Amino acid sequence: MDEYYKIVAFILAGLVGLCVGSFLNVVIYRVPAGMRLDKPDSHCPQCKYKLRWYDNIPVLSYIILGGKCRSCKQKIPFRYTAVEILNMLAWLVSVWMFWEESIVFAVVHALSSSVLICVAFIDLEHMLVFDRFVVILAALGVVAVFFDPNYGWLSHLIGGAVGFGFFYGIHALFYYGLKKDALGGGDIKLAAAAGVLLGWQCLLLSILLASVSASVILVIWSKKRMQAEEETEEGQEGEENPLEFPFAPFLCAGFFLALSFGAPIIRAYLGLLGL
Ligand SMILES: [Zn+2]
């Protein structure tokens, strides 16, 4: 019987996850533009064609329409479908990892993942972390304090403090020491909220994952940029581009991975150390 319920939960999580993913696209597009979420109805940004319900079915419509607007044939960015699929996968992980231990925590995990997807994609495009997402994440964190099957309330409390302290520390070091803005205020608040959500053990793991992956990408990215600059070299001195690099997508990926698989990873690691 339990198996049966879990299969139903998987199917529901997948389908609802896709639909919520579709809504996340609206959020990712409209929040930075300062638009309302409920009006106007979804339309093609190019020709203003109003999407019918059958143009709006997650993933399926994209395939049927061949990735183009029904009316003007303008290409629909693949990002929309990617967000839907990512959210579906995240919600499946929620059921997979937490359904049996705590349904409430599975829901917290699902909603947090959706918020993290919004934060990551908006930061990728606009280099901005909006406070409203941080507030939602912190609220979910407060629920997590009571329902986390792995770590107790103290871990979450310390997590919030570590998240804020660690990131504010880095910010202060660069800002007062080197007169450079290394981390945005948005990243600091985001890390504090995530600390409450994750607990300090998983927070540290997520920071490790985010820093390593960001460093790798940053090295590749700056090499490519240096090559591109060498090719168009005309001795433009003094016009050094500031190193603008969105860090929140890496943080969000790290938070998601640690929230999903952190506890078993940390247990296995401590086991290896014989602790
Ligand atoms: Zn169109």
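Criteria and thresholds
Residues numbered from 1 in each chain as written. Predicted model: local features only at pLDDT ≥ 70, side-chain atom pairs only at ≥ 80, totals over all residues. Helix = DSSP H or I, 4+ residues; strand = E, 2+ residues; numbered from the N terminus. Buried ≥ 20, exposed ≤ 12 C-beta atoms within 10 Å, placed from the backbone. Contact = placed C-beta atoms within 7 Å. Expected span 1.5 Å × (residues − 1). Axes fitted to C-alpha atoms, helices over the stretch in contact; angles between N-to-C directions. Nonpolar A, V, L, I, M, F, W, Y, C, P; charged D, E, K, R; others polar. Parallel < 35°, antiparallel > 145°, perpendicular 65-115°, else oblique. Left-handed = near helix turned anticlockwise from the far one by under 90°. Core = buried A, V, L, I, M, F, W, Y, C linked by C-beta atoms within 7 Å. Domains from an automatic or database assignment.

1. Considerations on the overall build of the chain
Looking only at helices and strands, the chain has 9 helices and 0 strands in total. Written out in order from the N terminus, the α and β elements of the chain read α-α-α-α-α-α-α-α-α. Along the longest, intermediate and shortest principal axes, the C-alpha atoms of the chain span 60 × 60 × 35 Å. Counting across all 275 residues of the chain, residues that qualify as buried make up 33%. Counting only contacts in the chain whose residues sit at least 6 apart along the sequence, the fraction spanning at least 24 positions is 73%.

2. A short note on helix H6 (residues 153-177)
The end-to-end C-alpha distance of H6, which contains 25 residues, comes to 35 Å, matching closely the 36 Å that a straight helix rising 1.5 Å per residue would cover. The secondary structure elements touched by the buried residues of H6 are helix H5 (131-147), helix H7 (185-198) and helix H8 (200-231). One or two residues past the end of H6 sits Lys 179, with phi positive at roughly 55 degrees.

3. A few points about the packing of H6 against H8
Between H6 and H8, whose axes approach to 7 Å, the crossing angle comes to 35 degrees. Facing Ser 155, Ile 158, Gly 159, Val 162 and Gly 163 of H6, the residues of H8 in contact are Trp 200, Gln 201 and Leu 203. By residue class, the composition of the contact of H6 with H8 is 4 nonpolar, 4 polar and no charged.

4. A look at unusual backbone geometry
The amide bond that connects Lys 39 to the next residue, Pro 40, takes the cis arrangement and shows omega of -5 degrees. Here Val 59, not a glycine, exhibits a phi torsion of approximately 60 degrees, which is positive. Relative to the helices and strands, Val 59 resides in the loop between helix H1 (2-30) and helix H2 (60-64). Judged by the 16 C-beta atoms lying within 10 Å of it, Val 59 falls in the partly exposed class. One non-glycine residue, Lys 73, lies in positive phi territory at about 65 degrees. Structurally, the position occupied by Lys 73 is in the loop between H2 and helix H3 (79-98).

5. Considering the packing of H7 against H8
Closest axis-to-axis distance for the H7/H8 pair is 7 Å, and the angle between their directions is 130 degrees. The pairing of H7 with H8 is recorded here as oblique in orientation. In this structure, H7 crosses over H8, and the sense of that crossing is right-handed. Residues Ala 194, Gly 195 and Leu 198 of H7 lie in contact with H8, whose contacting residues are Trp 200, Cys 202, Leu 203 and Ser 206. Classifying every residue of the contact of H7 with H8 by side-chain character gives 5 nonpolar, 2 polar and no charged.

6. Regarding the nonpolar core
Core analysis: the biggest nonpolar cluster contains 60 residues, and Cys 118, Val 119, Leu 190, Ala 194, Leu 251 and Phe 255 have the highest contact counts within it. Listing elements by their share of this core, those giving two or more residues are H1, H3, helix H4 (103-126), H5, H6, H7, H8 and helix H9 (248-272). The element contributing the most residues to this core is H4, with 12 residues. Looking at this core, you find at least three residues from each of domain 1 (1-100) and domain 2 (116-229 + 242-275). Ignoring sequence-local partners within four residues, the contact set of Ala 194 consists of Leu 137, Gly 163, Leu 203, Ser 206 and Phe 255.

7. Digging into the domain arrangement of the chain
Frequently, the measure chosen for interface size is the accessible area removed from exposure when the parts meet. Entries for the chain in the domain assignment read domain 1 (1-100) and domain 2 (116-229 + 242-275). A C-alpha centroid distance of 25 Å is found between domain 1 and domain 2. The partner domain 2 presents 10 residues to the 12 residues of domain 1 that form the contact. Counting only elements with at least two residues in the side of domain 1 that touches domain 2, the list comes to H1 and H3. With 7 residues, H3 is the single largest residue contributor to the side of domain 1 that touches domain 2.

8. Looking at the environment of Ser 211
With respect to the secondary-structure elements, Ser 211 resides in helix H8. Along the chain, Ser 211 and Tyr 176 lie 35 residues apart, while their C-alpha atoms are 22 Å from each other.

9. Topic: the environment of Pro 249
Within the fold, Pro 249 resides in helix H9. Filtering out sequence-adjacent residues up to four positions away, Pro 249 remains in contact with Ala 120, Asp 123 and Leu 124.

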